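# Structural overview for review
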Amino acid sequence: MQPSYDGIRSIVLDALKTHCLDRALDVGALDAHVDLLQAGVLDSFGFLDFVEDVQQRTGISLDLEQVDVGELATIDKLIRGVLCASGK
Amino acid sequence: MLINLPQCAEAYAAMFGALMAGGIYAPNNLSAPAIRQRGVHEAFEPDAVVAAEGTLDVLGIGPTDRRWVSLSDLPAPLPRRVWAADDLAYVMFTSGSTGAPKGVMVAREGLAHFIDWALLAMDVRRTDRWSQHPNLGFDLSVLDIYGALCGGATLVPLSRQGDRLTPAAAIRRHKLTIWNSVPSVVDLMLRARQVTAQNLETLRLLTFCGEPLLPAHLEAIFAARPDVVVHNTYGPTEATVSCTLVRLTEANYRDACRASVALGDPIPGMDVWLAGGESDNEGEVMICGPQVARGYWRDPQRTAAAFGEAQRAGRIMPTYRTGDRAARNGRHLFFLERVDRQVKILGHRVELGEIDAALRACGAAACTVLWQGELHAFVEGTPSAVLADLRAALAARLPTYAIPAHFHSIAALPRNLNDKADAGALIAQLVAGAGGVTGAQPEYQAG
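Basis of the calculations
Along every chain, residues carry numbers that run from 1 in the direction the sequence is written. Working convention: letters from A go to chains and numbers from 1 go to ligands, in the order in which they are written. In keeping with the predicted nature of the model, local features appear solely for residues at pLDDT of at least 70, side-chain atom pairs appear and are counted solely at 80 or more, and the whole-chain, interface and lining totals rest on all residues. Numbering of helices and strands runs from the N terminus; a helix is a DSSP stretch of H or I covering at least four residues, while a strand is a stretch of E covering at least two. Computation of the radius of gyration draws on C-alpha atoms, with the globule rule given as 2.2 Å multiplied by the number of residues to the power 0.38. Here the C-beta atoms are placed from the backbone, and a residue counts as buried if at least 20 other C-beta atoms lie within 10 Å of its own, exposed if 12 or fewer do, and partly exposed otherwise. A residue pair is marked as a contact if its C-beta atoms, positioned from the backbone, fall within 7 Å. For two strands to count as paired, DSSP must find a minimum of two bridges between them. What counts as a domain boundary in this text is fixed by an automatic or database domain assignment. Amino acid classes used here: Ala, Val, Leu, Ile, Met, Phe, Trp, Tyr, Cys and Pro are nonpolar; Asp, Glu, Lys and Arg are charged; the rest, including Gly, are polar. To estimate the expected span of a helix, subtract one from its residue number and multiply by 1.5 Å. Taking the helix axis as origin, the arc is that swept by the directions to the C-beta atoms. Defined on buried residues, the nonpolar core groups Ala, Val, Leu, Ile, Met, Phe, Trp, Tyr and Cys residues joined through C-beta atoms within 7 Å. pLDDT is a per-residue confidence score from the predictor, ranging from 0 to 100. Fitted lines through C-alpha atoms serve as axes, helices being fitted only where they are in contact, and the angles separating the N-to-C directions of these axes extend from 0 to 180 degrees. Oblique is the label for every angle not falling under 35 degrees (roughly parallel), over 145 degrees (roughly antiparallel), or within 65 to 115 degrees (roughly perpendicular). Handedness of a crossing follows from how the near helix is turned relative to the far one, being left-handed for an anticlockwise turn of less than a right angle and right-handed for a clockwise one.

The next thing to look at is the overall build of chain B. A count of helical and extended segments in chain B gives 13 helices and 23 strands. Here chain B has a C-alpha radius of gyration of 22 Å; the compact-globule value for 447 residues is 22 Å, and the two agree. C-alpha atoms of chain B, sized along the principal axes, occupy 70 × 50 × 50 Å. Looking at chain B residue by residue over its 447 residues, the buried ones come to 47%. A separation threshold of at least 6 residues defines the contact pool for chain B, and within that pool the share at least 24 residues apart is 63%.

Following this line, the structure appears as structure tokens:
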């Protein structure tokens, strides 16, 4: 079954909860278009771990040789990146 | 002149322009919190600010205080060509322990000495294409900017977020031949599985400074590219970027590896020695020579505490006590820890860095802090269930009193603006959590 935007969103938010610097942050309330690095939600290392975690949880690999991972630093862009990599 | 620009040609031109016109400049770190950027502006009190239009509100410069000047309207002052050794080149603001920015005054003599050395040591060629990764507010950028432009090479500013985070694509795209950054960037590339022969194909030299380079970094680099040269350098901002060098190749690097990679030998013209230790082979790193800064901007008290003078080659030269502890092992000098990370537990002298090194040897990236008389180790990316095993492994390496009472699993260690593990932020987490640590997984407490 092809993954849906909402399905990936749920996985991304769950992963974000475990990686964001402020554990008290309500990640569900985050603007999906805010840059997680610039907003200080994640630092560089945390962001890469978060992206890795999302790949493991979804079973979908992002080709980091081809994809500019820094361009996937919003929730929305990451969801779309995962959907794109899944072939949808 | 305050330079309020990101890495770009205009910023580099402003630096050279300020120096040629006889001025001094201070670069501001635009990634820093607004309060820090404002603090630098207030402390430096510049006559002019070279800025992108959108960056001035952060500095607290209101619209009525601004008088925009077009570059084409400015008079062209005749470049001065004669300088006194002590004339300043730039003031680099670093974070001070009190929270107020501390301006390091680097003299033209120091900058010229450093760049003369860099051009020779790095054998800079006109065909080189050199990365410019460090933020302009971090003095490692001085090596890129002056090294490349004074050597006739091409300077490539990396300002895109993706290029800064995982630079492999930028290295390939720009066919870079020289890479310069803090070693943490290699960690980021390793996590993204980017340290490959293909990604590093165009590089001939990688140079690192700013934090300990680790054997694992070198193993990965030389596994990918056995034919590159790696320079590990050491030096505080107060000694103009760096003042030691060890040149590493696939053939010799193992000799320079202990818990971290050797700092190297003093560069020609600079003296580095160890003081205050139990022998000449261990102690606080002291530096003397033309690259030592002329003190802290408008802060005679802190200047007197850290800077001094010594007779050298028939001339009085400035000296600087670094607050870094190092030890000589064989022919190499190795960084141990900051002097201020030495703590006492039950009367025993304990180096927090030694605990971190032992954890590193057990395969864990960690930062240990002392809080309320007890040691807390924050371990990166390790499940809580594994922390008990880590403690057991540590018992084989450290005396009992040096084993942290508390272990915390943390997704990623907080890092400061220069990507170094931020012990202050970890203590702040303990203070904020006071019982339940915010930002960390449930802790494992040693029994």
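The strands that make up a sheet are held in pairs by hydrogen bonds between backbone atoms, and each pair lies either parallel or antiparallel. All names here are of chain B. Spatial strand order, β2-β1-β3: three strands in an open sheet with parallel pairing. A single partner strand is all that each edge strand has here, and the edge strands are β2 (26-27) and β3 (49-51). As paired elements, strand β1 (residues 2-4) and β2 share two bridges and run parallel to each other. What sits directly across from I3, in β2, is P27.

Okay, the domain arrangement of chain B next. The parts lose accessible area when they come together, and the size of an interface is often stated as this lost area. Residues and elements named next belong to chain B. Here chain B is described as being made up of domain 1 (1-82), domain 2 (106-329) and domain 3 (346-445). Averaged C-alpha coordinates put domain 2 and domain 3 at centres separated by 28 Å. On the domain 3 side, the residues contacting the six residues of domain 2 number six residues. Class assignment for the residues of the side of domain 2 that touches domain 3 results in three nonpolar, two polar and one charged.

Residues and elements named next belong to chain A. Here helix α1 (residues 5-19) contains 15 residues, and its C-alpha end-to-end distance of 21 Å stays within 8% of the 21 Å for a straight helix at 1.5 Å per residue. Considered for burial, the residues of α1 that qualify are I8, V12, A15, L16 and H19. For α1, the angular spread of buried residues about the axis comes to 105°, placing them on one side. At its buried positions, α1 is contacted by α2 (44-58) and α3 (75-85).

Grouped burial of nonpolar side chains is what soluble globular proteins tend to show. I3, A14, M15, V91, V106, I287 and V379 of chain B are the most contacted members of the largest nonpolar core, which has 150 residues in total. Excluding its chain neighbours within four sequence positions, the residues that come into contact with A14 of chain B are M1, I3, L5, Y25 and V50 of chain B.

Right, let's talk about the pairing of strand β13 (residues 271-279) of chain B for a bit. Residue and element names in this part refer to chain B. As defined by bridge partners, β13 adjoins strand β14 (residues 282-288) across six bridges and the pair is classed as antiparallel. Each bridged residue has a counterpart across the sheet, and for V272 the counterpart in β14 is I287. Joining the antiparallel neighbours β13 and β14 is a turn of two residues.

This part covers the interface of chain B and chain A. Counting residues at the interface gives 17 residues for chain B and 19 residues for chain A. When residues in the side of chain B that touches chain A are grouped by element, the largest group, three residues, is from helix α6 (residues 161-165) of chain B. Tallied by class, residues from the side of chain B that touches chain A come to seven nonpolar, six polar and four charged.

Turning to the environment of I75 of chain A, a few remarks are in order. Residue and element names in this part refer to chain A. Its place among the elements puts I75 in helix α3. Its 21 C-beta neighbours within 10 Å are what place I75 among the buried residues. Considering only alpha carbons, one finds I75 and H33, 42 residues apart in sequence, at a separation of 6.4 Å. For I75, the contacting residues outside a window of four places in its chain are V12, L30 and A32.

Residues and elements named next belong to chain B. A residue-level look at chain B finds 93% of positions with pLDDT of 70 or above and a mean pLDDT of 88. Throughout residues 435-447 the model reports pLDDT below 50, and contacts reaching past four residues in sequence, or to other chains, amount to 36 contacts. Here the predicted complex carries an ipTM of 0.76, next to a pTM of 0.79.

This part covers the packing of α1 of chain A against α3 of chain A. Packed helices, taken two at a time, are described by the angle between their axes plus the distance between the axes. Residue and element names in this part refer to chain A. Their axes nearest at 10 Å, the elements α1 and α3 cross at an angle of 120°. If you check the angle between α1 and α3, you find them oblique. α3 is crossed by α1, and the crossing has right-handed handedness. Contacts from Y5, I8, R9 and V12 in α1 reach I75, L78, I79, V82 and L83 in α3. Of the residues in the contact of α1 with α3, the class split is eight nonpolar, no polar and one charged.

What follows is about the environment of A423 of chain B. Residues and elements named next belong to chain B. Here A423 lies in helix α13 (residues 423-433). When the C-alpha positions of A423 and C367 are compared, they lie 6.9 Å apart, and in sequence the two are 56 residues distant. For A423, the contacting residues outside a window of four places in its chain are C367 and V369.

Residues and elements named next belong to chain A. In contact at an axis separation of 9 Å, α1 and α2 are set at 140° when each is read in the N-to-C sense. With respect to α2, the element α1 is oriented oblique. When you trace α1 past α2, the crossing you get is right-handed. Touching I8, I11, V12, A15, L16 and H19 of α1 are G46, D49, F50, D53, V54, R57 and T58, all from α2. Taken together, the residues of the contact of α1 with α2 break down into seven nonpolar, three polar and three charged.

As a further point, take the pairing of β14 of chain B. Note: β14 of chain B against strand β16 (residues 315-329) of chain B, six bridges, orientation antiparallel. Of the residues in β16 of chain B, the one forming a bridge with E284 of chain B is R325 of chain B.

What follows deals with the environment of A197 of chain B. Residue and element names in this part refer to chain B. Examined against the element boundaries, A197 turns out to sit in the loop between α8 (184-191) and β9 (205-208). On the neighbour-count criterion, A197 (11 C-beta atoms within 10 Å) is exposed. With 27 residues separating them along the chain, A197 and A224 place their C-alpha atoms 4.5 Å apart. Once you skip the residues sitting within four places of it in the chain, A197 turns out to touch A224 and R225.

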